[in-house]
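So the chains spell out like this:
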Amino acid sequence: AKKLIDAMTSLNDVIDLSHVSVVRNTLPNSSKAASKLEIKLVEKQVKEGDLLSSVKMRQDGFAFKASFTEFYERFIIVIPTGYDPSLVLMPKPGSNYKELCKLLLKSLQDQALTLKDPEDTIQFGDSCVFIKHKTIQAFEVL
């Protein structure tokens with residue numbers, strides 16, 4: 001038990017020093033046996049958790065990741081009222097947040113003015129938007 005507590009404390013120390021938004025756990029095997037690895041089980045978890053695309057986006061420099069809803073709710077407040085009638089503080093239930101995020105990003109880019117090629121700094125996934133660090137900083141100063 002002491003060994004596990006020490007390992008968890010060490011892991012928490014590493015996490016506290018970094019900017020981790022999510023920690024994903026993969027089970028190495030279904031029997032909880034030490035030093036046993038079930039490749040098919042790990043592959044299934046990696047595939048279902050969409051870990052590879054997340055890792056690739058981070059390697060490409062897209063440090064910021066948020067669901068469409070989270071992104072919209074975080075940045076809609078900086079858009080002036082009446083700028084675009086589609087951009088409202090509280091969208092109707094069932095609204096397409098991916099499309100709303102695209103409209104919101106266009107508005108944010110217009111206001112930031114420092115973005116040359118937004119296609120190089122913003123990527124859309126199936127459920128999330130990925131944005132490079134420099135671009136998210138420009139949005140946050142608005």
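What this report covers is the structure whose coordinates are included nearby. (Residues numbered from 1 in each chain as written. Predicted model: local features only at pLDDT ≥ 70, side-chain atom pairs only at ≥ 80, totals over all residues. Heavy atoms only, no water.)

### Focus on the pairing of strand β1 (residues 64-67)
Within a regular beta strand, the side chains point alternately toward one face of the sheet and then the other, so they alternate between its two faces. On β1, burial follows the alternation: F64 and A66 on one face are buried, whereas K65 and S67 on the facing-out side are not. With four bridges connecting them, β1 and strand β3 (residues 128-131) associate as antiparallel partners. By the bridge assignment, A66 is partnered in β3 with V129. (Buried < 20%, exposed > 50% of the residue type's maximum accessible area, 1.4 Å probe, protein only. Helix = DSSP H or I, 4+ residues; strand = E, 2+ residues; numbered from the N terminus. Pairing = 2+ DSSP bridges.)

### A few points about the pattern of salt bridges
Per the stated rule, a full pass over the model turns up four salt bridges. One salt bridge in this structure joins K2 and D6, with 3.2 Å as the shortest N-O distance. Highlighted residues: K2 and D6, both in helix α1 (residues 2-17), separated by four residues, approximately one helical turn. Using a relative accessible area of 59% as the deciding quantity, one classes K2 as exposed. (Salt bridge = Lys/Arg side-chain N within 4 Å of Asp/Glu carboxyl O.)

### A closer look at the sheet that holds strand β2 (residues 122-124)
Either a parallel or an antiparallel arrangement is found when strands of a sheet pair, and the pairing is made through backbone hydrogen bonds. Reading across the sheet, the three strands line up as β1-β3-β2 and stay open at both edges, with antiparallel pairing between neighbours. Looking along the sheet, the strands with just one partner apiece sit at the ends: β1 and β2. Put simply, the sheet's adjacent strands are angled 20 degrees from each other on average, direction ignored. Contacts between helix α5 (residues 97-112) and the sheet are confined to β2 and β3, with β2 contributing the most and set at about 170 degrees to the helix. (Axes fitted to C-alpha atoms, helices over the stretch in contact; angles between N-to-C directions. Contact = heavy atoms within 4.5 Å.)

### A few points about the nonpolar core
The biggest cluster of nonpolar side chains holds 22 residues, and the ones touching the most others in it are F71, L104, I131 and F139. Contributing elements (two or more residues each) for this core: β1, α4 (68-75), α5, β3 and α7 (133-140). Per element, the largest residue contribution to this core is seven residues, and it comes from α5. (Core = buried A, V, L, I, M, F, W, Y, C linked by side-chain atoms within 4.5 Å.)

### Overview of the packing of aromatic side chains
Think of a pair of aromatic rings as described by two things: how far the centres are apart, and how the planes are tilted against each other in angle. Here the structure, examined in full by the defined rule, presents five aromatic pairs. On the basis of an interplanar angle of 35 degrees and a centroid distance of 5.9 Å, the ring pair of F68 and F124 is categorised as tilted. Taken together, the residues span a long stretch of sequence, with F68 in helix α4 and F124 in strand β2 at a distance of 56 residues. The class for F68 is buried, based on a relative accessible area of 7%. A network of ring pairs unites the aromatic residues F64, F71, F75 and F139 as a single cluster. Its end group placed over the ring of F124, K102 keeps NZ or CZ at 5.3 Å from the ring centre. The ring of F62 carries K132 above its face, with NZ or CZ at 5.2 Å from the centroid. (Phe/Tyr/Trp six-rings, centres within 6.5 Å; stacked < 30°, edge-to-face > 60°. Lys NZ or Arg CZ within 6 Å of the ring centre and 35° of its normal.)

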